[in-house]
Amino acid sequence: MGRNILSIIGNTPLVQLSKLFANDRGISVHAKLELLNPGGSAKDRSAARIINAAWEEGLIGPGSVIIESSSGNMAISLAAICSYLGMGFISVIDPKATQQNIRIMQAYGAHIELVQEPDPQSGEFLPARLSRVRQLLERIPNSFWPNQYANKNNYLSHYEGTMREIMEELGQVDYIIGGVSTCGTMLGCAHYIKDHKLATKVIAVDAAGSVIFGGANGNRRFPGLGAGIVPPFGERPFTDQEIKVTDEDMVVGCRLLVKEESLLAGPSSGAVIHALKSMEQELPDHSVCAVILHDRGERYMDTVYNDEWVKQQFGQSFNA
């Protein structure tokens, strides 16, 4: 059987960020380019594993309708995979979803279900979106909810994929740094580290205004990093350190990354770069660091890489 779009998910390359993290202390920083997955993000891994497991269990098949609460990378990954496998896909979104992501999903044939009002109790859109998912599941026959927020195949895809690949290529990793939203990526990495008795420290990068690791809920401009409620995967401690990054600093990190390394990535990647920069001086000499670059930057041309938008939002430009 020939290779197809599903068979090339994962096994993404690592590149050393030798310009952005140039130093004379022997510290090396390697970027896991999850943005080179065919759907453009790390979510390809979790989407593929969740769908494959449900398919093998007989829960779904050709003609099924997949319904998920996502307005970003997970929705795009599911839209692409469902299109290939002959299934329908409904993405439940809220008004914060970007037009760019909506257009990408629609190009794959996805149906968009917009939730206009947040949950009255919490004031958050996520509970309202999940409520709409449940309504649709009851109404639509042969439908299935992947539930990226609690499906073990989310974090297992990064346990058996992302972290394993990093360790096999580098041999030694002192720090693994990545962003959190559902927490699937970093939880999978943390479980791999624990089960293989590695000394690797897990550094989780969250958005300012997110409540995953505590703190007050606040406005967040970018999808894919942080959450307004603590996701099931984030309910138990799995990190060695957490760093919160502002929207402004995500933009700075993104623009540094593209200027120094010619890597065009999204705001969660910018957050990871900024977080590592903030702790760079504290790292022991000869530390080996791996950072996860979650998604492609082309999806943020109207925001992160738009000088006019940046100046309007933050009152100044952030050209690196």
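Right, let's walk through the structure included here. (Residues numbered from 1 in each chain as written. Predicted model: local features only at pLDDT ≥ 70, side-chain atom pairs only at ≥ 80, totals over all residues. Heavy atoms only, no water.)

Bringing helix α6 (residues 184-195) into the picture now. With 12 residues, α6 extends 16 Å from end C-alpha to end C-alpha; this agrees with the ideal 16 Å at 1.5 Å per step. Burial within α6 is extensive, with nine of its 12 residues counted as buried. Every buried residue of α6 is listed here: Gly 184, Thr 185, Met 186, Leu 187, Gly 188, Cys 189, Ala 190, Tyr 192 and Ile 193. Residues of α6 that are buried sit in contact with α5 (152-170), β7 (175-179), β8 (201-207) and β10 (288-293). Taken from the residues just after α6, Lys 197 is the one with a positive phi, measuring 55°. (Helix = DSSP H or I, 4+ residues; strand = E, 2+ residues; numbered from the N terminus. Expected span 1.5 Å × (residues − 1). Buried < 20%, exposed > 50% of the residue type's maximum accessible area, 1.4 Å probe, protein only. Contact = heavy atoms within 4.5 Å.)

With that settled, consider the packing of helix α7 (residues 247-261) against helix α8 (residues 267-279). Contact geometry for α7 and α8: axes closest at 7 Å, N-to-C directions at 90°. When the interaxial angle is binned, α7 and α8 end up roughly perpendicular. In this structure, α7 contributes Asp 249, Met 250, Gly 253, Cys 254 and Leu 257 to the contact, and α8 contributes Pro 267, Gly 270, Ala 271, Ile 273 and His 274. Within the contact of α7 with α8, the residues separate by chemical class into six nonpolar, three polar and one charged. (Axes fitted to C-alpha atoms, helices over the stretch in contact; angles between N-to-C directions. Parallel < 35°, antiparallel > 145°, perpendicular 65-115°, else oblique. Nonpolar A, V, L, I, M, F, W, Y, C, P; charged D, E, K, R; others polar.)

Moving on to the sheet that holds β8. Taken together, six strands build an open sheet; the order of strands is β1-β2-β10-β7-β8-β9 and the sheet is mixed. Every interior strand has two partners, whereas the edge strands, β1 (14-16) and β9 (241-245), have only one. Looking at each pair of strands side by side, their axes are set apart by 25° on average, direction ignored. Pairing analysis gives six bridges linking strand β2 (residues 28-33) to β10, with the strands arranged parallel. Bridge pairing in β10 places Lys 32 opposite Ile 292. (Pairing = 2+ DSSP bridges.)

The next thing to look at is empty space enclosed by the protein. Over the atoms a probe the size of a water molecule is rolled, and this reveals where empty space is left. Counted according to the given criterion, the structure contains one cavity of 30 Å³ or more. Approximately 40 Å³ is the volume attributed to the largest cavity. Among the elements that make up the lining of the largest cavity, the one with the highest residue count is helix α2 (residues 73-85) (three residues). Taken together, the residues that form the lining of the largest cavity break down as six nonpolar, two polar and one charged. (1 Å grid on protein atoms, 1.4 Å probe; cavity = no way out; pocket = protein on both sides within 12 Å on 5 of 7 lines; lining within 4 Å. Points joined across faces, edges and corners; volume = space filled by probe spheres on them.)

Another point: the environment of Val 202. Here Val 202 lies in strand β8. Between the alpha carbons of Val 202 and Ile 177 there is a distance of 6.3 Å; along the sequence they are 25 residues apart. What Val 202 contacts, discounting residues up to four positions off in sequence, is Ile 176, Met 186, Ala 190, Ile 193, Phe 238, Thr 239, Asp 240 and Gln 241.

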